[in-house]
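Given next are the chains, with one letter for each unit.
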Amino acid sequence: MYYVGIDVGGMSLKAGLIDENGNIVKKMSVKTVPGRKGELIVGDLATLIKDIIKEAGIDEKEVGGVGMGFPGSVWDEKGIVRYCCNIDFVNIPMVKLLKENGINYPIYISNDANCAVLGEAYFGAAKGAKNVVLITLGTGLGTGIIVDGRLLTGNKSAGSECGHMQINIGGAICGCGKKGHYEAYASATALLRQAKDACEKHPESMLNEEFKKKGYEGYVIFECAKAGDETAKKVVAKYIKYIGMGAVSLCNIFFPEYFLVGGGIANNSEIIAPLQRYISRNIYGSKYNPKIKVLAAKHLNDAGIIGAACLAIHGSSAL
Ligand SMILES: [Zn+2]
């Protein structure tokens, strides 16, 4: 069997056809024009699904289903996209509209972080695990949770939004507009803000000089920390604690086998090893409970399409 995975983004719609072992057989993508109407994008999605199956030369009977991940709020069971970042989708009955557009395979939709954790549990860093928590560090902070082999999404799949856990009363402003949320401290955006604040206090630092030369990019912070700049080292150490604070709470609630970190900055060795130490030290019952392995997510650029395809696999049977 083959599965289609669609990664819906504000800049492009990406499609992948994967086999039962998680190998990508075919990839395609189309750009999304800014301001394009939602119903036209549904048409683009239907065309993309038909095209990738046709171009791969796969018999339609060999396709087990279509999975789609959206950067926003999705009502999985009803097939409705409630809201989507940078795309004109508000309460769109996605599955119904795709069926009307001639897509007759089983269709499963969810939030993109939910797809990502499935991709890791089926074919990635947490392969075979039944309890997994994944956070993605980017503009925001997304989370995907698998408990006892099932994706955890809450009532009407509005849950599993751990980026918006409150960790500090009246604290930093979050991307959602509220104050003191985990995302406002532990996203990649938050790291950059923390680094800029540190540079205002320490204009003489290497970090400040390198920012001016190379621009305000996350990698510059890690480069300077590696080179021994005290300001950068302190920024990174504090940032690990911010990630760790939410991570320990999530681990105490779900006690996963794996705690995974996704997003571009997760591949810095400065993140994973110290985070493992922080979690191991601060977890409840650390002396007698099983160890929680902290790893970077395996799937990078293809995480969206592999994860979405796994949603279709997961839809037919649990892990
Ligand atoms: Zn928030």
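Keep in mind it's a predicted model, so treat the numbers as computed, not measured.

**Considering helix H9 (residues 269–282)**
- Along its 14 residues, H9 runs 20 Å from first to last C-alpha, staying within 8% of the 20 Å computed at 1.5 Å per residue.
- Taken together, the buried positions of H9 are occupied by Glu270, Ile271, Ile272, Leu275, Gln276, Tyr278 and Ile279.
- In the core, the buried residues of H9 are packed alongside helix H7 (218–226), helix H8 (230–254), strand E12 (258–262) and strand E13 (293–296).

**Looking at the coordination of the zinc ion**
- For the zinc ion, every protein donor is listed as His164 (ND1), Cys174 (SG), Cys176 (SG) and His181 (ND1), and the spread of their distances is 2.0 to 2.3 Å.
- Around the zinc ion, the four donor atoms sit at angles spanning 100 to 117°, and that spread fits a shape best called tetrahedral.
- Coordination of the zinc ion draws on donor residues from a single chain, spaced H-x9-C-x1-C-x4-H in sequence. Of the two residues, His164 is situated in the loop between strand E11 (150–151) and helix H4 (183–186) and Cys174 in the loop between E11 and H4; the sequence distance between them amounts to 10 residues.
- Taking the relative accessible area as the measure of exposure, Cys174 reaches 5% and is therefore buried.

**What to know about a positive patch on the surface**
- On the surface, Lys201, Lys238, Lys241, Arg277 and Arg281 cluster together into a positively charged patch.
- Contributing elements (two or more residues each) for the positive patch: H8 and H9.
- Structurally, Arg281 is set in helix H9.
- The exposure class assigned to Arg281 is exposed, which follows from its relative accessible area of 58%.

**Re the nonpolar core**
- Ranked by size, the top nonpolar core spans 43 residues in total, and within it Ile135, Leu207, Ile243 and Phe259 carry the most contacts.
- Elements with a contribution of two residues or more to this core: strand E9 (132–137), strand E10 (141–147), helix H5 (188–201), helix H6 (206–214), H7, H8, E12 and H9.
- Residues contacting Leu207, with those up to four places away along its chain left out, are Ala195, Cys199, Val220, Ile221, Cys224, Asp229, Thr231 and Ala232.
- Counting residues in hydrophobic clusters, the runner-up holds 33 residues, among them Val42, Leu48, Ile87 and Ile109.

**Let's talk about the domain arrangement of the chain**
- As far as domains go, the chain holds domain 1 (2–121 + 302–316) and domain 2 (129–296).
- For domain 1 and domain 2, the distance between their C-alpha centroids amounts to 28 Å.
- At the interface, 16 residues of domain 1 touch 18 residues of domain 2.
- Taken together, the two surfaces of domain 1 and domain 2 that pack against each other cover about 1,300 Å², and 61% of this comes from carbon and sulfur.
- Considering only the surface of domain 1 that becomes buried against domain 2, Asn114, Val117 and His314 emerge as the three largest contributors, covering 37% of it.
- Between domain 1 and domain 2 we count zero salt bridges in total.
- Where domain 1 packs against domain 2, one counts four residue pairs in polar contact (both at pLDDT 80 or more).
- Those elements giving two or more residues to the side of domain 1 that touches domain 2 turn out to be strand E5 (72–75), strand E8 (107–111), helix H3 (112–123) and helix H10 (303–316).

Rules used in this analysis
- By convention here, each chain's residues receive numbers from 1 onward along its written sequence.
- The model is predicted, so local features are restricted to residues of pLDDT at least 70 and side-chain atom pairs to those at 80 or more, both for listing and for counting; the totals for chains, interfaces and linings are taken over all residues.
- Remark: hydrogens and water are excluded; side-chain values derive from all non-hydrogen atoms of the structure.
- What counts as a helix is a DSSP run of H or I of at least four residues, what counts as a strand is a run of E of at least two, and both are numbered from the N terminus.
- How far a helix is expected to stretch is found by multiplying one less than its residue total by 1.5 Å.
- Residue burial is assigned from relative accessible area. The probe radius is 1.4 Å, only protein chains are included, and a residue is buried under 20% of its type maximum, exposed over 50%, and partly exposed in between.
- Contacts are assigned to residue pairs that have any heavy atoms within 4.5 Å of one another.
- Atoms of type N, O and S within 2.8 Å of a metal are treated as its donors, and for Na, K and Ca the window is 3.2 Å; water is not considered, so some sites may appear to be missing partners.
- Note on geometry labels: four donors, all angles 85 to 135 degrees, give tetrahedral; four donors become square planar and six octahedral when opposite donors are over 155 degrees apart and every other angle is between 65 and 115; remaining cases are irregular.
- Patches in this entry comprise residues that are over 30% relatively accessible and not in a salt bridge; like charges within 9 Å are linked, as are nonpolar side chains (Val, Leu, Ile, Met, Phe, Trp, Tyr) within 5 Å.
- For accessible areas, the Shrake-Rupley method is used with a probe of radius 1.4 Å. Any residue's cover is judged against the shown protein chains and nothing else.
- The salt bridge definition used is simple: a Lys or Arg side-chain nitrogen within 4 Å of an Asp or Glu carboxyl oxygen.
- In this tally, Asp and Glu contribute negative charge and Lys and Arg positive charge; neither His nor the terminal groups of the chain are included.
- To locate a charge, the coordinates of NZ of Lys, CZ of Arg, CG of Asp or CD of Glu are taken.
- To qualify as a nonpolar core, a set must consist of buried Ala, Val, Leu, Ile, Met, Phe, Trp, Tyr and Cys residues joined through side-chain atoms within 4.5 Å.
- Boundaries between domains were set according to an automatic or database domain assignment.
- Accessible area, probed at 1.4 Å, shrinks when two parts are joined; the buried area is that loss added up over both.
- Residues adjacent in sequence count toward polar contacts only when both atoms are side-chain atoms; beyond that, a polar contact is any pair of N or O atoms within 3.5 Å, and within protein one must be able to donate a hydrogen and the other to accept it.

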